[in-house]
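# Working through the structure, step by step
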Amino acid sequence: MLTPDNTVIGFIGIGVMGKSMAGHLLAAGFPVMVYSRTKDKAAGLIEKGALWAETPRAVAEKANVVITMVGYPNDVEEVYLGENGLIPNGMPGSYYIDMTTSSPSLAEKIYNEAKKRDIHAIDAPVSGGDIGARDAKLSIMIGGDYDAFEAVYPLLKLLGTNIVYQGQAGAGQHTKMCNQIAIASNMVGVCEAIIYAEKAGLDPETVLKSITAGAAGSWSLSNLAPRMLKGDFEPGFYIKHFIKDMKIALDEAERMDMEVPGLALAKSMYDKLASLGEENSGTQALYKYWKK
C-alpha cells in the first residue's frame, strides 16, 4: 500500500489544475517533488513544503510515483520518453500516472515502453476543470493494468470523486475524447441559449434558474454560463488546450471512419476565437463568438 512513509510523489506540470492537485497530495502528508518549466508557478507549493526538481530526470530518480499534467502530446512524449525523461531514468516498480489529455496511441506507447523497464504506466485524464481540481472532485478516467490502478487508487481518491477504470492502456484517453466530444457541442448550445435569452429581452440569470434544473441541465450550463454573464473569461481550461483535445478526437474519429459534425463545428468556432487572440481564455469565452 502506498503511504507517506514509503512513497515519494513527483508532480510534473504546475498549471491551473496541477497546482491544486499537487497541493492536495501535500496536504495529505505525502512528500512531493515538483517540476514545471516555470519555477515561479511552483512557488506556493514550495512554500508549503514541496521539493523542487530541476528536470523530469531528477523526479524519476527519487520518486516512486509520478503524476504528470502537462500541455500537449509532444510535451507528454518528451517528459516520458526523452533522454532526460521519466522512463529512461525511472526506478523499476514505480507508478507513472499521466493525467494530461493526450492521444490514446501515445498512452499505449508509453505503457509498452514502461513495461519493458518494470514500470507501471497509467493514462488517467480528468474532467472537472479548475473547480474540480480545487475541490478534489475531478472525474478520473483510467487506462492501464487493473492491478496498477488498484495500487494508486488511494492517491487518486485525494484528487477526485468519480474514479472509473475503463480498460487497458489508452482506454482512459479514449474515454476523455468521449467527454470532450460531449462538451464541445454542449458549449455551443449553452452559448446559443444565453445569447437567445439576451436577444429575447429576458434576464439570462433568471433563465438559468429554470433551465439548469431541467432536462437541459449540464455542468457547463451550471458552472460556465454564470461566468459568461459576469464577463469572467479566465481559464479554468484554456481554449488552446480544448482545441488540442478536439483535434485528437477528430483524428481518432477519422481513423474509425466516424462522422462527428458537432465536434467539427465547435472546433471551427474555437479556431476562429483563437485567431482573434482568445487562445489563453477559458472555454466559456465561446460566448464572445457572437459578440465579435
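This write-up is about the structure you can find in this document. (Residues numbered from 1 in each chain as written. Predicted model: local features only at pLDDT ≥ 70, side-chain atom pairs only at ≥ 80, totals over all residues. Heavy atoms only, no water.)

## Some remarks on the overall build of the protein
Of the regular secondary structure elements, the protein holds 14 helices and nine strands. For the protein, the C-alpha radius of gyration of 20 Å lies close to 19 Å, the compact-globule estimate for 292 residues. The C-alpha extent of the protein, read off along each of the three principal axes, is 60 × 45 × 35 Å. Considering the protein as a whole, with its 292 residues, one finds that 50% of them fall into the buried category. Taking as baseline every contact in the protein between residues at least 6 positions apart, the subset at least 24 positions apart corresponds to 67%. Of the roughly 13300 Å² of accessible surface on the protein, a fraction of 51% belongs to carbon and sulfur atoms. (Helix = DSSP H or I, 4+ residues; strand = E, 2+ residues; numbered from the N terminus. Rg over C-alpha atoms; globule rule 2.2 N^0.38 Å. Buried < 20%, exposed > 50% of the residue type's maximum accessible area, 1.4 Å probe, protein only. Contact = heavy atoms within 4.5 Å. Areas by Shrake-Rupley, 256 points an atom, 1.4 Å probe, with all protein chains shown as cover.)

## Some thoughts on the pairing of strand β4 (residues 65-68)
Of the two faces of β4, the one holding V65 and I67 and the one holding V66 and T68 are both buried throughout. Pairing analysis gives four bridges linking strand β1 (residues 9-12) to β4, with the strands arranged parallel. Paired with F11 across the strands is I67, a residue of β4. (Pairing = 2+ DSSP bridges.)

## Structural notes on the nonpolar core
Residues F11, M21, M99, I140 and L156 are the most contacted members of the largest nonpolar core, which totals 35 residues. Apart from the residues within four sequence positions on either side, F11 is in contact with G18, M21, A22, L25, V32, M33, V34, Y35, I67 and M69. In this structure, V188, I195, F233 and A253 belong to the second largest nonpolar core, which totals 30 residues. (Core = buried A, V, L, I, M, F, W, Y, C linked by side-chain atoms within 4.5 Å.)

## Details of helix α9 (residues 171-199)
Counted at 1.5 Å a residue, the expected span for α9 with its 29 residues is 42 Å, and the 43 Å between its end C-alpha atoms agrees. Positive backbone phi, approximately 80 degrees, marks G201, located one or two places after α9. (Expected span 1.5 Å × (residues − 1).)

## Considerations on the side chain of S36
The residue S36 is located in the loop between β2 (32-35) and α2 (43-47) in this model. Take S36: its relative accessible area is 9%, and that puts it in the buried class. The residues contacting S36, other than those within four sequence positions of it, are I14, K41 and W52.

## Section: empty space enclosed by the protein
Empty space among the atoms becomes apparent when a probe as large as a water molecule is rolled across them. Under the criterion given, the structure shown has one cavity of 30 Å³ or more. By volume, the largest cavity is sized at about 90 Å³. Surrounding the largest cavity, 15 residues form its lining, D98, A107, I110, I122 and D123 being those nearest its centre. Contributions of two or more residues to the lining of the largest cavity are made by α4 (73-81), β5 (95-98), α6 (104-116) and β6 (120-123). Residue contributions to the lining of the largest cavity peak at four residues, all from α6. For the lining of the largest cavity, the per-class residue count stands at ten nonpolar, three polar and two charged. (1 Å grid on protein atoms, 1.4 Å probe; cavity = no way out; pocket = protein on both sides within 12 Å on 5 of 7 lines; lining within 4 Å. Points joined across faces, edges and corners; volume = space filled by probe spheres on them. Nonpolar A, V, L, I, M, F, W, Y, C, P; charged D, E, K, R; others polar.)

## Quick notes on the pairing of strand β9 (residues 160-167)
Taken together, the six bridges between strand β8 (residues 138-143) and β9 define a ladder with parallel strand orientation. Each residue of the ladder has a partner; that of G143, found in β9, is G167. Handedness of the β8-helix α8 (residues 146-156)-β9 crossover: right-handed. (Right-handed = clockwise from strand over helix to strand, strands pointing away.)

## Comments concerning the packing of helix α13 (residues 239-255) against helix α14 (residues 261-278)
As a packed pair, α13 and α14 sit with axes 10 Å apart at the nearest point and diverge in direction by 145 degrees. Crossing hand, α13 versus α14: left-handed. Counting all contacts with α13, which are made through I239, F242, I243, M246, K247, A249 and L250, the residues of α14 involved are L263, A264, A266, K267, Y270, D271, L273, A274 and E278. Within the contact of α13 with α14, the residues separate by chemical class into twelve nonpolar, no polar and four charged. (Axes fitted to C-alpha atoms, helices over the stretch in contact; angles between N-to-C directions. Left-handed = near helix turned anticlockwise from the far one by under 90°.)

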